[in-house]
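The chain contents come next:
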Amino acid sequence: MKQFLLSLWLCLCPIKNIYAQQVVRNDGIIMGTVTDGENHPVSGATIILKRQGIEDIGLTTTSKDNGSFQFLKLSPGTYTLTTSHISYQTYLIKQIVIGNNSSKLNLPNISLQNNYSELKEVNIISPRKSYITHQLDRVVINVSSLLSNTGTNALDVLNNAPAVQVTDDAISLRGKEGVTVYIDDRPSYLTGKDLLDYLKTLPSGTLDKIEIMTNPPAQYNAEGNAGIINIKTKKGKLKGFNSGLSATYQQGVYAKANSNINFNYGFHKINLFGNLGYSLTNNYYDVARNRQFNNVQPYNNLLMSQFNTETSTTISYNYKLGFDYDIDAHNKLGVTIAGIIHPYHEHGNYSTAFNRLNKVDSTINTISLLHYITRNNTVNLNFHHQFHKPTQELNINTDYLQYSTDPLQVINSGTYLPGNTLISNYTLNTYNPFKAKIFGAKADYADELPGHLKMSIGIQTTYSIRESTGDYLYTINNKTYPSDSLNGSFSYRENINAAYVNFQKTTKRFDMQVGLRLEYTHAEAMRQSAVLLTATTAEYNYSNLFPTAYISYKLDTASANTLILSIGRRISRPGYGDLNSFVFTFDRYSSNKGNPEIVPAYSNNLDLSFNMQDKITAGITYSDTRNDIAQYYQLTGYALAFVPVNIAKVNAYGAYFNLSQPVTKWWSTNLYSDFTHNQYAGQVLNIGYLNNTVNTITVSGSQQFKLPHGWSMEVNGSYHNKLTDGQGIYLPMWLLNASIQKTILKNKGAIILTARDIFNSRTLRRKIEYQYASLTSSNHSDNQTIGLTFTYKFGASASARQHHNSIETEAGRAGVN
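Residues numbered from 1 in each chain as written. Predicted model: local features only at pLDDT ≥ 70, side-chain atom pairs only at ≥ 80, totals over all residues. Heavy atoms only, no water.

1. Side note on the overall build of the chain
- Within the chain, the regular secondary structure consists of 4 helices and 49 strands.
- In the chain, which comprises 817 residues, the share counted as buried stands at 52%.
- Sequence separation of at least 24 residues holds for 67% of the intrachain contacts in the chain that already meet a minimum separation of 6.
- Carbon and sulfur atoms provide 60% of the accessible area of the chain, an area that totals close to 35600 Å². (Helix = DSSP H or I, 4+ residues; strand = E, 2+ residues; numbered from the N terminus. Buried < 20%, exposed > 50% of the residue type's maximum accessible area, 1.4 Å probe, protein only. Contact = heavy atoms within 4.5 Å. Areas by Shrake-Rupley, 256 points an atom, 1.4 Å probe, with all protein chains shown as cover.)

The structure is reproduced here in structure tokens:
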């Protein structure tokens, strides 16, 4: 018997060894996705995986932008998984079993819902959606979390966003000019007033999130010294039909209205999605300008006073349609088309009075009629391949964009002596059509290398063609002549090729990401003047390296408090309008022209911040910019021309603070403040040395109140003391808004009453010092409004995967002249 037992034990030894080898296998995988109660992805959630019986050992990761997460190389055993986020209650899965053989587990969707529910051994409790979420390389703002964003437009949403300031012709970020604006990871291709007008046509009901990246990672192109603002619109992915609609009517001095509908229909392997929007905006602009000339010949202490009144009507039609098709388990194909049609009509009355020794010398009265239609259409084709290895994927995007506008303006001016005596009459007809075509392609490959080192590499190419024509006719004493000095054409062709590599590593205490981007630019500009028999051409060639780095250190084991350091290099290339030397005339004494001599601007940026569970964020920033591109005001006689120039050196440093905290169960607060010191210094146009230093303090915030019986209320506002964009200074400004909401129709619908700019305080005032003179201006429009919005949801909606498109390098550089 003993011999039999001994023989049996010897036979079982190899089996025991094999079993031991199986036990120590470490190729198990756990994957999952975190969403909120509306099935939107939750990014930045902390997921902790612990093996039962080994309480002091745990693995930690965070959910990505699409809510996904994964743990690799797991040994067999029983695990617990805890998901936490500052805006939600803890989600606990008590038992996950990894078998002895290779095991890949795709967990059910981790849904952080509003109401308490129980699913097997999972506890879920979720309060409201967080307004602001901080990630390693960006800040994410959930548009729908701010009640006052309802029934407005994209520009109003940016006005409410922390760290963003909107003036009459530009958007700045933490007091810095040079922001690149994206729509759904696609560049907007507009700058200045054209960009602001475009954002006004996008209803807020079509928007999902705003991503603010002061130092974007290497996957994004390096354009924009102040960073990137990425506006993401809604896109559904649920099975069946889901939709939501919104309609708003606002009344100020004039009426305004907008409406939109979002929808998606998912069946089998296909998901159709889209949104349609319409807006009607009637507006006015009252502008008062005073140009005080110094007591220098030939000006002799002259005061030129301008009073302008413009009334306008804008109608906008927006659309986005697309589908995603799951070819099989590893391959997906998607197509998206989007566009806008934007007719604009404007009627202006301008009065210019010349005063000497407080007496009217002469007066010019001008009537202007302006009309144009803007068309912006894009097509994106994207392909996604998921390799058998879960961390290995390939994304390919191709894009085409077509943009055009055709401004037609008639300016009729009469000059009068005291006593209303007409001494001359002048009529100027202008036609300045502009069109742009942009082609792009981009490929990104991602994988995880040994040691849990994540790697992504990519290549990108963009080719753009931009063309404009200036056709001017002037009439004096009933005789019409072509303005040969202004007439002509301008074309610009540009090719940007780029490649990047990015590495990311997560440890128990550190999150690290480093990247390097190479961009090569070749461009050709050609100007054909009506008085020249040959064209004038210029060629530009330059290549640059743009490094980025992020380091996040967890101050505690729960990852509740972190320090984040980011550094990077950026570029601002001259836009099309900056290089076009043709003149765009506003009136006889105000014009805009380009400067073919300007060169790209480069900046080095640093940011150090502390984050406590997304409740408190505090940080300091520094940037050094060389050859900054800014608008300069050049005086020729009595006429003022706005000319882009290079400013040799711009230094900016500052600090910021953000508080997002529930005060009680029914009251929550969001507060933001920053301080920025900006200094512009350098020789400008060989006519003077600019030395402009401005300290800017910005304060903004919102107070949200949840009331009984489906009522809620919100008050928000903002204030800044002074802003600068180089030569000019914007004077202090503040505003206050309020909203109240009542949910109806079993919480699927809502009615929102909103009062904007309650005290009618949003007046843009600017002061500019230039050679021999100074300019002060005040610009007021139809901002004080009261509006009523109705929203309704059919089913639920969710955000689908986002595609980084291939024409990012052109953001904001196709400005209309």
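Having seen it, we continue.
2. Some thoughts on the sheet that holds strand β11 (residues 132-134)
- The 6 strands are arranged β11-β12-β17-β18-β15-β16 in an open sheet whose pairing can be described as mixed. This sheet does not close on itself; its edge strands, each paired only once, are β11 and β16 (186-187).
- Bridge count for β11 against strand β12 (residues 139-142) is 3 bridges, and the pairing is antiparallel. Each bridged residue has a counterpart across the sheet, and for Thr133 the counterpart in β12 is Val140. (Pairing = 2+ DSSP bridges.)

3. A closer look at the side chain of Arg138
- By secondary structure assignment, the location of Arg138 is in the loop between β11 and β12.
- On the accessibility criterion, Arg138 (8% relative accessible area) is buried.
- Reaching out from Arg138, the side chain makes a polar contact with the side chain of Asp137 at a distance of 3.0 Å.
- A polar side-chain atom of Arg138 sits 3.4 Å from a polar atom in the side chain of Tyr220.
- Once you skip the residues sitting within four places of it in the chain, Arg138 turns out to touch Asp65, Thr133, Glu211, Ile212, Met213, Pro217 and Tyr220. (Polar contact = N/O pair within 3.5 Å; in protein donor to acceptor, adjacent residues only side chain to side chain.)

4. Things to note about the nonpolar core
- Counting 33 residues, the largest nonpolar core has Leu158, Val164, Ile171, Leu199, Ile210, Ile229 and Ile231 as its most contacted members.
- Contributions of two or more residues to this core are made by β12, α2 (154-160), β13 (164-166), β14 (171-173), β15 (179-183), α3 (192-200), β17 (207-213) and β18 (227-233).
- Setting aside residues up to four positions removed in sequence, Ile231 forms contacts with Leu158, Val181, Tyr182, Ile183, Asp184, Leu199, Leu207, Lys209 and Ile210. (Core = buried A, V, L, I, M, F, W, Y, C linked by side-chain atoms within 4.5 Å.)

5. Some thoughts on the pattern of salt bridges
- Counting across every chain of the model gives 15 salt bridges.
- Its salt-bridge partner being Asp137, residue Arg138 comes within 3.0 Å of it at the nearest N-O pair.
- With relative accessibility at 14%, the residue Asp137 sits in the buried group.
- When the shortest N-O distance is used, the salt bridge between Asp624 and Arg626 registers 3.1 Å.
- Several salt bridges share partner residues, and in doing so they unite Asp137, Arg138, Glu211 and Lys232 into one network. (Salt bridge = Lys/Arg side-chain N within 4 Å of Asp/Glu carboxyl O.)

6. Some details on the environment of Gln703
- Tracing the backbone through its elements, the reader meets Gln703 in strand β41 (residues 688-706).
- Taking the C-alpha atoms as reference points, Gln703 and Ala738, 35 residues apart in sequence, are found 9.5 Å from one another.
- Leave out the neighbours within four places in its chain, and Gln703 touches Trp667, Ser668, Thr669, Leu671, Met713, Glu714 and Val715.
- Polar side-chain contacts of Gln703 include one of 2.9 Å to the side chain of Trp667.

7. Here we look at the confidence of the model for the chain
- For the chain, per-residue confidence averages 83 on the pLDDT scale, and 88% of positions sit at 70 or higher.
- When the elements of the chain are averaged for pLDDT, strand β10 (residues 122-124) gives the smallest value, 31, and strand β37 (residues 601-612) the largest, 94.
- Here residues 1-24 is a poorly scored stretch, pLDDT under 50, and it has 7 contacts once near neighbours within four places are set aside; other chains count.
- Across residues 808-817 the pLDDT falls below 50, and counting only partners more than four positions away or on other chains, this stretch makes 66 contacts in the model. (pLDDT = per-residue confidence, 0-100.)

8. Quick notes on the packing of aromatic side chains
- Under the criterion given, the structure shown has 17 aromatic pairs.
- Seen from their ring centres, Tyr254 and Tyr284 are 6.3 Å apart, and the 65 degrees between their planes marks the pair as edge-to-face. Taken together, the positions of Tyr254 in the loop between β19 (240-251) and β20 (255-267) and Tyr284 in strand β21 (residues 270-293) put the pair 30 residues apart, joining distant regions of the chain.
- For Tyr254, a relative accessible area of 33% gives the class partly exposed.
- Residue Tyr284 is classed as buried on the basis of its relative accessible area, which comes to 13%.
- Plain terms: the ring middles of Trp734 and Phe759 are 5.7 Å apart, the flat faces sit at 40 degrees to each other, and that makes the pair tilted. Here the residue Trp734 occupies a position in strand β45 (residues 733-744), and Phe759 occupies one in the loop between β46 (749-756) and β47 (764-770), the gap between them amounting to 25 residues.
- Its guanidinium or amino end placed over the ring of Tyr656, Arg174 lies 3.8 Å from that ring's centre, counting from NZ or CZ. (Phe/Tyr/Trp six-rings, centres within 6.5 Å; stacked < 30°, edge-to-face > 60°. Lys NZ or Arg CZ within 6 Å of the ring centre and 35° of its normal.)

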